[in-house]
Amino acid sequence: MTKAFVAGWPVAHSLSPQLHGYWLQRHAIAGSYQAMAVPPHDFAQFIANLPQSGFAGGNVTIPHKEAAFSLCAAKDGEALAIGAVNTLWTENARVCGTCTDSYGFAANLDDHSGNWRTMQTALVIGAGGAARAVVHALIKAGLSKITIANRTPERADSLAGLFGPKVSAHRLDTFPQLARHANLIINTTSLGMDGQSGEVLSLDEASSDALVTDIVYVPLETPFLAAARLRGLKTIDGLGMLLHQAVPGFERWFGVRPQVDLPLRAHLLAILDHRSRQP
Ligand code: ATR
């Protein structure tokens, strides 16, 4: 029986067991996918033990993605471009890794927009690990201009510096002007999510045909997406990115390329809805 895992700390919030469990059931595969709570100080040992563990591989999530990148014996081009690893497998007793976050981001947009790949200008809010995966996806898709707006300007500078002349760094307070020229606007931060840390960025000046997306999916309609919808802009929520980023790992471990479709989305939405009602 093929076994896979998701390792995180904490890991109880992860939807990956339900997601992969759904596909295992749908394809009648006698495999398993389990959540593993691995604290940061045990993570290096966890990776070292992997080739003898009986697992075909697994996912890593917060806070282990950068550590997994450092600890993998072999990494592909996606992992190198993003500087993180979220999908592991073993080959000849070596631990190998990739990062499927850029793929998941792009595949989610592909599902909902026929023309995002031909857009000119994208505006990315945030400059952390998630923003790096998004910028890589945008460059790969061929967008010609990417602007990054971040609260801490130095982090925006560092991120832009990784990607060359198509990418520029800006202060978050210039967001309204940047939004005027953006065809695609992506939030990668938890801005406005904790109910106290300031107002949602104003989309008043955004172009009326701008497409707005968020990589956060709890809540499904983030305050930023709600503001975009009220402004009459087309929006795409972040749940599809989670679903799509899981596809390459499942295929690698279990040998079947699974589908991201409406029944899967409905299954996970029901779980999220149930969780949101828990005290
Ligand atoms: P992730 O891996 O999810 O991207 P991260 O590396 O911690 O997480 O990055 C979080 C991003 O959200 C950063 O761009 C952060 O801005 P700073 O670089 O200034 O810290 C941004 N962020 C988080 N909370 C924010 C807030 N309340 N207002 C503005 N930006 C915020």
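Scroll up for the structure.
Now for a quick tour of the structure. (Residues numbered from 1 in each chain as written. Predicted model: local features only at pLDDT ≥ 70, side-chain atom pairs only at ≥ 80, totals over all residues. Heavy atoms only, no water.)

### Some remarks on the sheet that holds strand 1 (residues 3-8)
Consideration 1: Taken in spatial order, the six strands of this open sheet run 2-1-3-5-6-4, and their pairing is mixed. A single partner strand is all that each edge strand has here, and the edge strands are strand 2 (32-37) and strand 4 (74-75).
Consideration 2: Note: strand 1 against strand 3 (residues 57-60), four bridges, orientation parallel. Its bridge partner lying in strand 3, Ala7 is registered against Val60.
Consideration 3: Relative to the sheet, helix 2 (residues 40-49) contacts strand 1, strand 2, strand 3, strand 5 (87-91) and strand 6 (94-98), its axis offset from that of strand 1 by approximately 160 degrees. (Pairing = 2+ DSSP bridges. Helix = DSSP H or I, 4+ residues; strand = E, 2+ residues; numbered from the N terminus. Contact = heavy atoms within 4.5 Å. Axes fitted to C-alpha atoms, helices over the stretch in contact; angles between N-to-C directions.)

### Re the site of the ligand
Consideration 1: Lining the immediate surroundings of the ligand are 14 residues, of which Ala127, Asn150, Arg151, Thr152 and Arg155 lie closest.
Consideration 2: The contact in question runs from an oxygen atom of the ligand to an N or O atom on the backbone of Ala127, over 2.8 Å.
Consideration 3: In this structure, an oxygen atom belonging to the ligand sits 2.6 Å away from a side-chain N or O atom of Asn150.
Consideration 4: Within the complex, the protein chains bury 70% of what would otherwise be the 640 Å² of accessible surface of the ligand.
Consideration 5: Partitioning the shell around the ligand into residue classes produces four nonpolar, eight polar and two charged. (Near = heavy atom within 4 Å. Polar contact = N/O pair within 3.5 Å; in protein donor to acceptor, adjacent residues only side chain to side chain. Areas by Shrake-Rupley, 256 points an atom, 1.4 Å probe, with all protein chains shown as cover. Nonpolar A, V, L, I, M, F, W, Y, C, P; charged D, E, K, R; others polar.)

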